[in-house]
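Residues per chain are reported as follows:
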Amino acid sequence: MNDKPQSQDHSLFYEHWVQFRKGKSAVLGLFIIVLFFLLAVFASVIAPVDPIAQHLDAALTHPFHGGYLLGADDLGRDILSRILFGARISLMVGAISVSISVIVGGLIGLIAGYFGGLADLLVMRFIDIMMAFPSIMLAIVICATLGPSLQNAMIAIGVIGIPSIARVTRASVLAEKEMDYVVAERSLGASHVRLIFSAILPNCVAPLIVQATLAYAGAIISAASLSFLGLGAQPPTPEWGYMVSSGKEFISTAWWVITFPGLAILMAVLGFNLLGDGLRDVLDPRMKE
Amino acid sequence: MLRYIAKRFFLVVPTILGVITLVFFLRFLSPGDPARLFLGERATPDAVRVLRQEWGLDQSKTKQYLTYMGKVLRLDLGRSYNTGDPVAKEILARFPATVELSIVATVIASVLGVLAGVVAATRRNTIADFVAMVGSLIGVSMPIFWLGLVLIIVFAVNLNLFPTGGRLDGRMLTDPITSFYTLDGLIYLIKDHDPTYLYSALYHLVLPSLALATVPLAVIARVTRSSMLEIMGQDYIRTARAKGLPERSVIWSHAFRNALLPVITIIGLEFGYNLAGAVLTETIFAWPGIGQWLYSAVLGRDYLAVQGGVAFVSVAFILINLLVDVMYAYVNPRIRY
């Protein structure tokens, strides 16, 4: 498939798209993600009220009461509005931390796979060491060391995502660099940079996209977990994990404070996992039956 | 086989040293000085200087590193700043709680996950397959800290079936015999014919182990399904069917046994993750294990405790992975090194 000339890109894309639509779960995943992105973008239009405005007289209002569709938290803040604005934060955190993982991990994988030898050995040993850490624990330690904030949570999550991206990239570079078209271009005198970025990289993108989509799902959960532990988003930010954490003192009286933000996390993560699974079926020929 | 084990073990040593090194240098990313952070904002410069000297922070990073590594090799992880106890002792005091929880969670996840995976694969494209696969996707996407709280709301607060947290009813807390409370319960049951201790230990295990089992269960179900599907397409399965074997025997003794290899690997890995990654579950259910302890050490900026704890957990994780690899080679006759 990868040896085909570039001019067939369009039809290849079309072929992928047809296959993609056959996988209903992937389409559903894409639909969920688009929905969340729309909610995030138009949060200020859709949200009934200001997500951080407190109305202490309305504290812990039940859902469907007094104009609070999903109820109010202990400070009388509208949970629906907070969830809508929370979508902005979760999607942004996911995007930034996955970008960190993809850029750093991708570069590491490209260099290790392309040059091989000592560079490969050293880099992959380091990746092995990073993989020996349980990821959530590494995120907690990095985040706590840098200081609790949303920004540092994104860095921590980006870092823990590096090893898997690096491995996936390296594996596809190894397979790709022996291909005839690469050998041909090399014999024409193409430079390393040209070979890596314009010959090999474009053909390694498919598994990378799959891995990045799944990493996005992981990043949303990790960010919410860090915020839940008090290491990520700080009050009064409307972040889903922090919302769950702030509701845990009232679980015996006000179930809605934790239930709805948790469902939002679950849905968003599910969307990315569905899409990632579906993309893998389409883009990874090894998974075809 | 022995040569393979020796080789693998030899390869693990640099990884372990690397892990401890990385944990050590991670601390220098911190913007503040540990001694100043520990003493608080109002500490006098003199007090900070004395403490820095006491902790060896006034020496060069290389010297500090070599001193630390030297101690670690003698299994001395230093003393916790917050309690003054040796870090190694504190870790060993908490580890059994985590091991107990992880074992129970992994057993639940393995039994249910394998069953769901086999059912889904053998009844492909039926309702059962659909339910199992949708369920496992939801499981993989589950925020555990939230699931834990929902379990508490439903089963502890509203239905009052299980306790909200802890390992045992407070009044029963005595010096444990084995540090594994279910084993202690069995001992009391046999010795004194008194089941209350065992009941209490089991009741306390139910909710946290269900929460911890959710993600591994989903992963194991998915791996089992795809492994079974791959095997079910093989020629020898068709042969087995062709010679008239009952479907049950085809599934369990021909297909399942061969599909088990990747499943065993994933179960081992998930057990390792559970041991190390139970921070959230332990925090929510007030489970006095190593995850909860490490989290409070992180918050308390008890950095020797953090260093030692993370190193310990990572080494445990590495060793479990090694064990899984060795087991894999042992079980799979196609791999001989």
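Residues numbered from 1 in each chain as written. Chains lettered and ligands numbered in written order. Predicted model: local features only at pLDDT ≥ 70, side-chain atom pairs only at ≥ 80, totals over all residues.

## Digging into the overall build of chain A
Across its full length, chain A holds 11 helices and 0 strands. Reading chain A from its N end, one meets helices and strands in the order α-α-α-α-α-α-α-α-α-α-α. Based on the C-alpha atoms only, the size of chain A along its principal axes is roughly 75 × 45 × 30 Å. Taking the contacts inside chain A whose residues are at least 6 apart along the sequence as the reference set, 71% of them involve residues at least 24 apart. (Helix = DSSP H or I, 4+ residues; strand = E, 2+ residues; numbered from the N terminus. Contact = placed C-beta atoms within 7 Å.)

## So, the overall build of chain B
Counting secondary structure elements, chain B contains 14 helices and 0 strands. Starting at the N terminus and ending at the C terminus, chain B contains elements arranged as α-α-α-α-α-α-α-α-α-α-α-α-α-α. Based on the C-alpha atoms only, the size of chain B along its principal axes is roughly 85 × 55 × 40 Å. Classification of the 337 residues of chain B by burial places 37% in the buried group. (Buried ≥ 20, exposed ≤ 12 C-beta atoms within 10 Å, placed from the backbone.)

## Section: the interface of chain A and chain B
Accessible area lost upon the coming together of the parts serves often as the stated size of an interface. Residue-level contacts link 35 residues of chain A with 37 residues of chain B. Of all the elements in the fold, those that place two or more residues in the side of chain A that touches chain B are helix 5 (117–131), helix 6 (135–146), helix 9 (192–228) and helix 11 (256–283) of chain A.

## Things to note about the nonpolar core
Within soluble globular proteins, side chains that are nonpolar tend to cluster in buried spots. Judged by nonpolar contacts, the single largest core of 165 residues is most densely connected at Met137 and Ile140 of chain A. The element contributing the most residues to this core is helix 9 (residues 196–232) of chain B, with 17 residues. Core analysis: the second largest hydrophobic core is formed by 7 residues, Leu110, Tyr114, Val173 and Ile196 of chain A among them. (Core = buried A, V, L, I, M, F, W, Y, C linked by C-beta atoms within 7 Å.)

## Looking at the environment of Met124 of chain A
All names here are of chain A. One can find Met124 in helix 5. A count of 18 C-beta atoms within 10 Å places Met124 in the partly exposed class. It is 9.7 Å that separates the C-alpha atoms of Met124 and Gly113, two residues lying 11 residues apart in sequence.

## Side note on the environment of Ala199 of chain A
Residues and elements named next belong to chain A. Mapping Ala199 onto the fold places it in helix 9. A sequence separation of 17 residues divides Ala199 from Val182, and the C-alpha atoms of the two residues are 6.5 Å apart. Aside from chain neighbours lying at most four places away, what touches Ala199 is Tyr181, Val182, Glu185 and Arg194.

## What to know about the confidence of the model for chain B
In this model, chain B carries an average pLDDT of 86, and 98% of its residues clear a pLDDT of 70 or more. Both confidence scores are given for the complex: pTM 0.88, ipTM 0.87. (pLDDT = per-residue confidence, 0-100.)

## Overview of helix 9 of chain B
Residues and elements named next belong to chain B. Between its terminal C-alpha atoms helix 9 stretches only 47 Å, short of the 54 Å expected from 37 residues at 1.5 Å a residue. A bend of about 40° at Thr214 is the largest found in helix 9, and the proline Pro216 appears one to four places after it. In terms of burial, helix 9 is a largely internal element, 27 of the 37 residues being buried. (Expected span 1.5 Å × (residues − 1). Bend = angle between axes of the 7 residues up to and from the residue.)

## Brief notes about the environment of Phe31 of chain A
All names here are of chain A. Within the element layout of this structure, Phe31 appears in helix 2 (residues 24–41). For Phe31, a count of 13 C-beta atoms within 10 Å translates into the label partly exposed. Through-space distance from the C-alpha of Phe31 to that of Leu229 is 30 Å; in sequence the pair is 198 residues apart.

## Considering the packing of helix 4 (residues 79–115) of chain A against helix 9 of chain A
Residues and elements named next belong to chain A. Between helix 4 and helix 9, the least distance of the axes is 8 Å, while the angle of their chain directions is 140°. With respect to their mutual orientation, helix 4 and helix 9 come out oblique. Crossing of helix 4 over helix 9 shows right-handed handedness. Mapping the contact onto sequence places Ser90, Val93, Gly94, Ser97, Val98, Ser101, Val102, Gly106, Leu110 and Tyr114 in helix 4 and Ile196, Ile200, Leu201, Leu208, Ala212, Ala215, Tyr216, Ala219, Ile220, Ala223 and Ala224 in helix 9. (Axes fitted to C-alpha atoms, helices over the stretch in contact; angles between N-to-C directions. Parallel < 35°, antiparallel > 145°, perpendicular 65-115°, else oblique. Left-handed = near helix turned anticlockwise from the far one by under 90°.)

## Some points on unusual backbone geometry
Most peptide bonds take the trans form, and the phi angle of most residues other than glycine is negative. Looking along the chain, the bond that leaves Pro235 of chain A and enters Pro236 of chain A is cis, with omega of 0°. Topologically, Pro236 of chain A is positioned in the loop between helix 9 and helix 10 (240–247). With a phi close to 60°, Asn125 of chain B is a non-glycine residue in the positive phi region. Relative to the helices and strands, Asn125 of chain B is located in the loop between helix 5 (87–122) and helix 6 (127–140).

## Some words on helix 6 of chain B
Helical periodicity: at 3.6 residues per turn, an α-helix aligns residues three or four positions apart in one direction. Residue and element names in this part refer to chain B. Compared with the 20 Å implied by 1.5 Å per residue over 14 residues, the 20 Å span of helix 6 between its first and last C-alpha is a close match. For helix 6, the full list of buried residues reads Ala132, Ser136, Leu137, Gly139 and Val140. Seen along its axis, helix 6 keeps its buried residues to an arc of 160°; they face one direction. (Arc of directions from axis to C-beta.)

## Quick notes on the packing of helix 6 of chain A against helix 7 (residues 150–176) of chain A
Residue and element names in this part refer to chain A. Across the interface, helix 6 lies against helix 7 with an axial gap of 9 Å and an inter-helix angle of 145°. Considering how the two elements wind past one another, helix 6 and helix 7 form a crossing that is right-handed. Judged by residue contacts, Ser135, Leu138, Ala139, Ile142, Cys143 and Leu146 of helix 6 engage Asn152, Ala153, Ile155, Ala156, Ile157, Val159 and Ile160 from helix 7. Taken together, the residues that form the contact of helix 6 with helix 7 break down as 11 nonpolar, 2 polar and no charged. (Nonpolar A, V, L, I, M, F, W, Y, C, P; charged D, E, K, R; others polar.)

## What about the confidence of the model for chain A?
All names here are of chain A. Residue-level pLDDT values for chain A average 85, and 90% of them are 70 or greater. Element-level pLDDT for chain A is lowest in helix 1 (residues 9–22), with a mean of 64, against a maximum mean of 93 in helix 4. When the criterion is pLDDT under 50, residues 1–8 qualifies, and its contacts beyond four places in sequence or with other chains add up to 7 contacts.

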